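Listed below are the residues making up each chain.
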Amino acid sequence: MAPHRDDDTPVQSGKPHAEHLLHRSLVMHPSMVTSAKGTHLTLSSGQRILDACAGAAVAVIGHGNDEVHDALLAQARKVSYVHTQSYTTPVAEELADFILQGSPHGLEKAFFVGSGSEAVESALKLARQYHYERGQPERLHVVSRKQSYHGNTMATMSVSYNVARKVPYQGFAYPHVSYVTPPYAYRYGLAGETEAAFTARLLRELEDEFLRVGPDTVMAFIAETVIGATAGCVAPPRGYLAGVRALCDQYGILLILDEIMCGTGRTGTFFAFEQEDVVPDIVTAAKGLGGGYAAIAGIYVRGRVIDALRQGSKAYNHGHTYQAHPISCAASLAVQKIIRRDNLVSRCRTMGKVLERLLRSRLSDLRTVGEIRGRGLFWAVEFVQDRETRETFDPSVGFGNRVQQEAFRRGVAVYPGAGTVDGVRGDHVLLAPPFTVTEEELETVCRVLREAIEAQEAAVAGMAA
Ligand SMILES: *Cc1c(COP(=O)(O)O)cnc(C)c1O
């Protein structure tokens, strides 16, 4: 048995505090954060960190916003919890109405849950119920894409392609899933292939996949509008999502766009799909929805999907104890009102242009920088060992992690990614600062990132020598 600690030793960054909280790693202790304000975190060591990834693209309005604190405290004083079987609250109604006022793009209903995985799970169950109510119970199959991430519960992990996370669960997952090529031209485009030809090839592959499994057995195609953590901020080629929409319509398949990471303004429009010629049947949202002030996620559903339920069982056969939690809804509503009042989506678009310019001008000449890509304030730098052949680093080098750790030591937090190409090979770091980030802060981020990459280029070259 572990010895009982009853001393009050102050917590030190990097040192275990107590033994009872299960961390992601059993050997690496995460950094202790004692306060967070605006774009900065303060560690127990006293070090200040510029949060250039907003956690995981979560803190859209930055940290420690007192307006949001006041709103959630005020809600807690009114009603902190009711069960949605019998009750609703003004704040939950207002949040849904605030986001879906006027049914943008035909999105009519919002359903709020506690995490992104729950939102994707809710979307999958709704898609399934839609076909069931319409008398097509044989539609069980989900077509997803390689290099995608949709969550960490059993069903959402099953439709994801995050290889490393799935290894222990072979045979334990939802079986009716297949994966097509992602619209990730830097890795999956062929030499000399035009954007139009690449798009046409991907759409042909998707249709072939529908036909292979039997289009009458497919319930949904699920995709991130802009790919997030798994491949690193990959926007689709022109016409791709419109083509996907047309194929889904042709075969009666629902289109679920997962905007948990890329949505809620992150790419410079409120819905990431607004920059594509496409309207999904179900959209998921999470990270930026609550901005980190509360655990909240949601799905937004097109009227025609709801109509199938209206004409059928007249109920959504799904629910959670904490759905539409009043305090979470209050936090989210306050965040969304700030975003709208302060024009932060437009600011995200403008600052995104600044970030793009800085990244390209500061990093493009580095020999390990393969591609710089993204939209809005959602950017990734993919690393290569050789820019000509695009050869990746050996995964054991952990180049992306090295750069992330080096940048962190120098006071800037970026989000690392490994297995960028196929779940095993490839490295990137992801930048997703708060929409409130300043140009000066972006200058710092890009300067430090350059220094971190150069330091690790030298370190890795030293290892090889
Ligand atoms: C983060 C993420 C999820 C999962 O959300 P959790 O809140 O971690 O469960 C699902 N899909 C995408 C695209 C994500 O980025």
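Values in this document were obtained by computation on a predicted structure and should not be read as measured data.

Visitor: Give me the lowdown on helix 4 (residues 116-133), citing residues and values where you can.
Guide: One turn of the α-helix equals 3.6 residues, which is why residues spaced by three or four share an orientation. End to end, helix 4 covers 25 Å across 18 residues, agreeing with the expected 26 Å (1.5 Å per residue, within 8%). All of the buried residues along helix 4 are G116, S117, A119, V120, S122, A123, L124, L126, A127, Q129, Y130 and H131. After helix 4 finishes, the residue G135 shows a positive phi value of roughly 75 degrees.

Visitor: How would you summarise the site of the ligand if you had to cite specific residues and measurements?
Guide: If you check the shell around the ligand, you find S115, G116, S117, Y149, H150, G151, E224, D258, I260, M261 and K287 and nothing else. The contact in question runs from an oxygen atom of the ligand to an N or O atom on the backbone of G116, over 2.8 Å. The separation between a nitrogen atom of the ligand and a polar side-chain atom of D258 is 2.8 Å. Here the ligand, which alone exposes 380 Å², has 82% of that area covered by the protein.

Visitor: Talk me through the nonpolar core; I want residue IDs and the actual numbers.
Guide: One finds I61, V68, L359, L363, F383 and L449 to be the most contacted residues of the largest nonpolar core, which totals 48 residues. Elements represented by at least two residues in this core include exactly helix 2 (66-78), helix 12 (326-341), helix 13 (344-363), strand 11 (369-375), strand 12 (378-383), helix 14 (399-409), strand 15 (427-431) and helix 15 (439-464). Looking at this core element by element, the count peaks at nine residues for helix 13. Setting aside residues no more than four positions away along its own chain, V68 makes contact with I61, Y293, A331, A334, V335 and I338. The next biggest cluster of nonpolar side chains, apart from the first, holds 41 residues, and it includes A223, A285, I296 and A330.

Visitor: Explain the pattern of salt bridges to me, using residue names and the numbers behind them.
Guide: Inspection of every chain in the model, using the stated rule, returns 28 salt bridges. With a closest N to O distance of 2.7 Å, E382 and R187 form a salt bridge. Residue E382 is located in strand 12, and its partner R187 is located in helix 7 (residues 185-188); the two are separated by 195 residues in the primary sequence. Both residues of the pair, E382 and R187, belong to the buried class. Across the pair E406 and R409 runs a salt bridge whose closest N-O atoms are separated by 2.9 Å. Taken together, the positions of E406 and R409, both in helix 14 and three residues apart, correspond to about one turn of that helix. Residue classification places R409 among the exposed positions, given a relative accessible area of 53%. Taken together, the salt bridges that share partners define one network made up of R245, D249, D281, R302 and R304.

Rules behind the numbers
- Residues numbered from 1 in each chain as written.
- Predicted model: local features only at pLDDT ≥ 70, side-chain atom pairs only at ≥ 80, totals over all residues.
- Heavy atoms only, no water.
- Helix = DSSP H or I, 4+ residues; strand = E, 2+ residues; numbered from the N terminus.
- Expected span 1.5 Å × (residues − 1).
- Buried < 20%, exposed > 50% of the residue type's maximum accessible area, 1.4 Å probe, protein only.
- Near = heavy atom within 4 Å.
- Polar contact = N/O pair within 3.5 Å; in protein donor to acceptor, adjacent residues only side chain to side chain.
- Areas by Shrake-Rupley, 256 points an atom, 1.4 Å probe, with all protein chains shown as cover.
- Core = buried A, V, L, I, M, F, W, Y, C linked by side-chain atoms within 4.5 Å.
- Contact = heavy atoms within 4.5 Å.
- Salt bridge = Lys/Arg side-chain N within 4 Å of Asp/Glu carboxyl O.

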